[in-house]
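Spelled out, the chains give:
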Amino acid sequence: MAPTSAQQRSAKAKVLAGGKPAKARIQRYLKSIEPRLKETGKKTLLLKGIKCSQAMGNVLKDMRAMQAPNAKLLTKKNAIVAFETEGQQSLEFLTTKNDCALFALASTNKKRPNNLVLGRTFDHQILDMMEVGLLRFKSIHDYGGSIPKKRVGSKPLMLFLGDLWQQDSNCEKMQNLLIDFYRGDVIDKLMVSGLDHLMVFVAAQHPKTEQLIVHHHTYFCKLKKDPNNPTSKVPVPYLVPCGPDMTMMIRRTQFATPDLWKAALKQPQALRKKKVKNQSTNIFGETIGRLHLEKQEIDKMGGRKVKALRRAERAAKLEEMEALENELEKERNEMGQEFKQTYGFKED
């Protein structure tokens, strides 16, 4: 378990006061949890509330299977009410102690049956939370053993359907929370075989109560050869429902304040990309450069002229002169006719 911030401060104070430093094993562990420029994947803490039914326990087990190996399930029940001050302090303590940045709290009672709270922390503080009620749930085991399951450590493909994800500001924040909850480890490169499951989130409103409802479906991606092009090495994905599937009704939300959200988005100075002058990137990721040159007078520039080009230039000049002479002769004839019509004799 990770030491709390108070334990870390007391350990540093003990060393500064001249006390005996920590053991090498403890020093290595403290060094492993220090802040880094590039953090690894966030871990999730799965908790049970005061009352938790067998169905909600299965929800937590399926969430652990989807987020493995970055998920930790606690079997003991906790007297935590997430949207109260004491409950948030307990969540901050448990997430810090278990070195987890994400958490899920499952509970059920008469007022809020099949209740699930999803949230995340920043700097050992509650950043935002979302409370949902499960209207329908289909576990991974309900599909049977013949359906393939997600591999451990694989990355999900996430698809958000519905105009509400872009039109409503609260839906945008919930979308950001769901992406952060299921995205897994942060990586630079990915193999095609590492994408083995698809998670679809459909946002809609209840026809009677107009409450926000999110339909969550999970599919396994089977990669097979293209039947239309057997020689192609690019596989074709086939989607097979594998679970977990659930229908969630949004009950309560608590999002971060603007100041805390701004602090959470702040990046270290070393990771910020230095702006390069006269360079930009288009929507396809291609780098486009701009060159600044002085005005060039191409007509006055002297270059090597081939003999064939000289003949072509001479012929072009002769044709231009002949055309000019023809136009002048035509104008003279027209002016002579006008003069004769006016005065009755030709101009000398």
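Keep in mind that what you see is a predicted model, and the values were worked out from it rather than measured. (Residues numbered from 1 in each chain as written. Predicted model: local features only at pLDDT ≥ 70, side-chain atom pairs only at ≥ 80, totals over all residues. Heavy atoms only, no water.)

### Comments concerning the overall build of the protein
Argument step 1. Secondary structure assignment for the protein yields eight helices and 12 strands.
Argument step 2. The globule rule puts the C-alpha radius of gyration for 348 residues at 20 Å, and the 36 Å found for the protein is more than 25% above it.
Argument step 3. Projected onto its principal axes, the C-alpha coordinates of the protein cover approximately 125 × 65 × 50 Å.
Argument step 4. The buried share of the protein, taken over its 348 residues, is 30%. (Helix = DSSP H or I, 4+ residues; strand = E, 2+ residues; numbered from the N terminus. Rg over C-alpha atoms; globule rule 2.2 N^0.38 Å. Buried < 20%, exposed > 50% of the residue type's maximum accessible area, 1.4 Å probe, protein only.)

### Considerations on the environment of Leu 223
Argument step 1. Structurally, Leu 223 is set in strand β8 (residues 212–224).
Argument step 2. Note on Leu 223: relative accessible area 37%, which makes it partly exposed.
Argument step 3. Counting along the chain gives 31 residues from Leu 223 to Val 192, while the straight-line C-alpha distance between them is 8.9 Å.
Argument step 4. Once residues within four sequence positions are removed from consideration, Leu 223 is found in contact with Val 192, Ser 193, Pro 235, Val 236 and Pro 237. (Contact = heavy atoms within 4.5 Å.)

### Section: the side chain of His 216
Argument step 1. Inspection of the secondary structure assignment puts His 216 in strand β8.
Argument step 2. Overall, the relative accessible area of 2% leaves His 216 in the buried class.
Argument step 3. A distance of 3.5 Å separates the side chain of His 216 from the side chain of Thr 218, its partner in a polar contact.
Argument step 4. Setting aside residues up to four positions removed in sequence, His 216 forms contacts with Tyr 182, Met 199, Val 200, Phe 201, Pro 244, Asp 245, Met 246 and Met 248. (Polar contact = N/O pair within 3.5 Å; in protein donor to acceptor, adjacent residues only side chain to side chain.)

### Observations regarding the packing of aromatic side chains
Argument step 1. Under the criterion given, the structure shown has four aromatic pairs.
Argument step 2. On the basis of an interplanar angle of 15° and a centroid distance of 5.1 Å, the ring pair of Phe 160 and Phe 201 is categorised as stacked. Pair noted here: Phe 160 is in strand β6 (residues 155–161) and Phe 201 is in strand β7 (residues 195–205), with a separation of 41 residues, a long-range link.
Argument step 3. The class for Phe 160 is buried, based on a relative accessible area of 14%.
Argument step 4. For the ring pair Phe 181 and Tyr 182, a centre distance of 5.4 Å and an interplane angle of 70° mean the geometry is edge-to-face. Each member of the pair, Phe 181 as well as Tyr 182, is classed as buried.
Argument step 5. One aromatic cluster in this structure is built from Phe 160, Trp 165, Phe 181, Tyr 182 and Phe 201. (Phe/Tyr/Trp six-rings, centres within 6.5 Å; stacked < 30°, edge-to-face > 60°.)

### What about the side chain of Arg 120?
Argument step 1. With respect to the secondary-structure elements, Arg 120 resides in strand β4 (residues 115–122).
Argument step 2. Note on Arg 120: relative accessible area 4%, which makes it buried.
Argument step 3. A polar contact is formed between the side chain of Arg 120 and the side chain of Asp 180, at a distance of 3.0 Å.
Argument step 4. With residues up to four places along the chain from it excluded, the contact list for Arg 120 reads Ala 101, Leu 102, Phe 103, Gln 125, Ile 126, Leu 127, Asp 128, Asn 176, Leu 177, Asp 180 and Trp 261.

### Regarding a negative patch on the surface
Argument step 1. On the surface, Glu 327, Glu 331, Glu 334 and Glu 338 cluster together into a negatively charged patch.
Argument step 2. Along the polypeptide, Glu 327 turns up in helix α8 (residues 307–343). (Patch = residues over 30% accessible without salt bridge, like charges linked within 9 Å, V, L, I, M, F, W, Y side chains within 5 Å. Areas by Shrake-Rupley, 256 points an atom, 1.4 Å probe, with all protein chains shown as cover. Salt bridge = Lys/Arg side-chain N within 4 Å of Asp/Glu carboxyl O. Lys, Arg positive; Asp, Glu negative; His and termini not counted. Charge placed at Lys NZ, Arg CZ, Asp CG, Glu CD.)

### A closer look at the pattern of salt bridges
Argument step 1. Taken as a whole and judged by the stated rule, the model has eight salt bridges.
Argument step 2. Residues Glu 131 and Arg 112 are paired through a salt bridge, measuring 3.5 Å at the closest nitrogen-oxygen approach. Of the two residues, Glu 131 sits in strand β5 (residues 125–138) while Arg 112 sits in the loop between β3 (102–107) and β4, which places them 19 residues apart along the sequence.
Argument step 3. Between Arg 332 and Glu 329 there is a salt bridge whose closest N-O contact spans 3.0 Å. In this pair, Arg 332 and Glu 329 both sit in helix α8, three residues apart, roughly one turn of the helix.
Argument step 4. Note on Glu 329: relative accessible area 40%, which makes it partly exposed.
Argument step 5. When salt bridges with common partners are traced through the structure, they connect Lys 42, Arg 120, Asp 128, Asp 180 and Arg 183 into a single cluster.

### Considering the environment of Lys 43
Argument step 1. Among the structural elements, Lys 43 can be located in the loop between α2 (24–32) and β1 (44–48).
Argument step 2. Taking C-alpha positions, Lys 43 is 26 Å from Ile 213, a pair spaced 170 residues apart along the chain.
Argument step 3. If sequence neighbours within four positions are ignored, Lys 43 has contacts with Asn 70, Asp 99, Cys 100, Ala 101 and Leu 102.

### A word on a positive patch on the surface
Argument step 1. Together, Arg 310, Arg 311, Arg 314 and Lys 317 line one region of the surface with positive charge.
Argument step 2. One can find Arg 314 in helix α8.
Argument step 3. For Arg 314, a relative accessible area of 52% translates into the label exposed.

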